[in-house]
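Examination of the molecular architecture
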Amino acid sequence: MVSTFAGSGTKGFADGTATTAQFYSPTGMAVDSEGNVYVADRENHRIRRITPAGVVSTLAGSTEGFADGTGTAAQFNHPFDLAVDSSDNVYVADTHNHRIRRITPAGVVSTLAGSGTKGFADGIDTEAQFYGPTGVTVDSSGNVYVADHGNNRIRRITPAGVVSTFAGTGTEGFANGAGTEAQFYHPSEVAVDSSGNVYVADADNNRIRKITPADRIEDRVVSTFGGSGTEGSGNGIGNTAQFNFPGGVAVDSSGNVYVVDSVNNRIRKITPADRIEDKVVSTFAGSGTEGSGNGTGTAAQFHGPLGVAVDSSGNVYVADSANHRIRKITPADRIEDRVVSTLAGSTAGFADGTATTAQFYYPTGVAVDSSGNVYVTDFDNRRIRKITPADK
């Protein structure tokens, strides 16, 4: 069952319950352990919170600008992505402020890191500098990892606010090696597994990279988890496979990495292994031809997918953006046994309802909670939608 979890559909700003609320270009979102949904309401320069009952409030933010403070006394500038830690603190990639912000459950906003000046510097708290950070994730110890897009680096912020370069020279390019030797090219998104390995959607390098954890940057190993760097769609072992502008990444409990291969209209899977020649990059689903057809494995079609999430049972959910649908892919060892279905959505528009009676308009983000509810940032409808499992 698809329902409007929040949002009237009218471009604007309003808190309230369900459809009385208004959003303006929502992008990233995350779900906490209590089922609260947090939304980066980009053009409203706010972070919104939606309770499980559908009550929308402004967790923090007001007008475009920069200010720390509580609730609406704070200001953001085009926040893009966010993550939630085990204590329900929200971390925000405040892209145009070139800062990473932290919001407590009580709505107190502080600058976790970043001076606000576009540039590069490691250091403590506001001594550090970022350049248009886009992706953010947090590990079980409270370390925050940042895709520092314009600096071509991956940064780490400790709970104490110490900012360091987790990997990357800052020079636009491609190189594997120790953290201080590696190069990235406009990394867009990051994910972290339970062992502290960081996975990077290295978008303009057409690769997925992996960074092993270590206390010293020179002991971290940056490797190509998948991708030759040549635009294409070929499967194969790690460094022979091809991607075309990979966007979102997600990692499951077994260490498998799922990639939204947007231009190729496919969802790809990379199996974990110690050696790149033992990693297998495969098409998890999708024929590569633009379309919306359901079916098994490569018989299915996608069109410009952007968001991806995986649940505890291994089901993969995809924001199939240009198809205006949310798709579900069941897990199976063989691609021909994986079933791609339309979880919800039909043509571009807006309608609540069940399955394909519902309508979305260019959904971009997707998240799933521990109960199997799927949340969607319905970008051009300016709503947050909720899809409940059929058995609820």
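Just so we're clear, the structure is a prediction, and the values are computed from it rather than from any experiment.

Taken over all residues, the pLDDT of the protein chain has a mean of 88, while the share at 70 or more is 96%. Of all helices and strands in the protein chain, the one with the weakest mean pLDDT is strand β1 (residues 2-6) (61), whereas strand β15 (residues 153-157) scores best (98).

Let us now look at the environment of valine 281. Along the polypeptide, valine 281 turns up in strand β26 (residues 280-285). Residue contacts for valine 281: discarding those within four places in its chain leaves Gly226, Asn235, Gly236, Gly238, Ala241, Phe243, Arg268, Lys269 and Ile270.

Along the chain, the position of aspartate 369 falls in the loop between β32 (363-368) and β33 (374-378). A distance of 3.0 Å separates a polar side-chain atom of aspartate 369 from the backbone nitrogen of glycine 372. A distance of 2.9 Å separates a polar side-chain atom of aspartate 369 from the backbone nitrogen of asparagine 373.

Before going further, it helps to examine the sheet that holds strand β18 (residues 187-192). Spatial ordering of the open sheet is given by β17-β21-β20-β19-β18, a layout of 5 strands whose pairing is antiparallel. In the strand order of this sheet, the two ends are held by β17 (177-178) and β18, each with one partner.

Here the focus is the pattern of salt bridges. Per the stated rule, a full pass over the model turns up 14 salt bridges. Between arginine 216 and glutamate 218 there is a salt bridge whose closest N-O contact spans 3.3 Å. The partly exposed category is assigned to arginine 216, whose relative accessible area is 46%. In this structure, arginine 327 engages aspartate 320 in a salt bridge whose closest nitrogen and oxygen atoms are separated by 2.7 Å. Residue arginine 327 is classed as buried on the basis of its relative accessible area, which comes to 0%. Bridged by salt links that share partners, the residues Asp68, Asp94 and Arg101 form one connected network.

Basis of the calculations
- Residues numbered from 1 in each chain as written.
- Predicted model: local features only at pLDDT ≥ 70, side-chain atom pairs only at ≥ 80, totals over all residues.
- Heavy atoms only, no water.
- pLDDT = per-residue confidence, 0-100.
- Helix = DSSP H or I, 4+ residues; strand = E, 2+ residues; numbered from the N terminus.
- Contact = heavy atoms within 4.5 Å.
- Polar contact = N/O pair within 3.5 Å; in protein donor to acceptor, adjacent residues only side chain to side chain.
- Pairing = 2+ DSSP bridges.
- Salt bridge = Lys/Arg side-chain N within 4 Å of Asp/Glu carboxyl O.
- Buried < 20%, exposed > 50% of the residue type's maximum accessible area, 1.4 Å probe, protein only.

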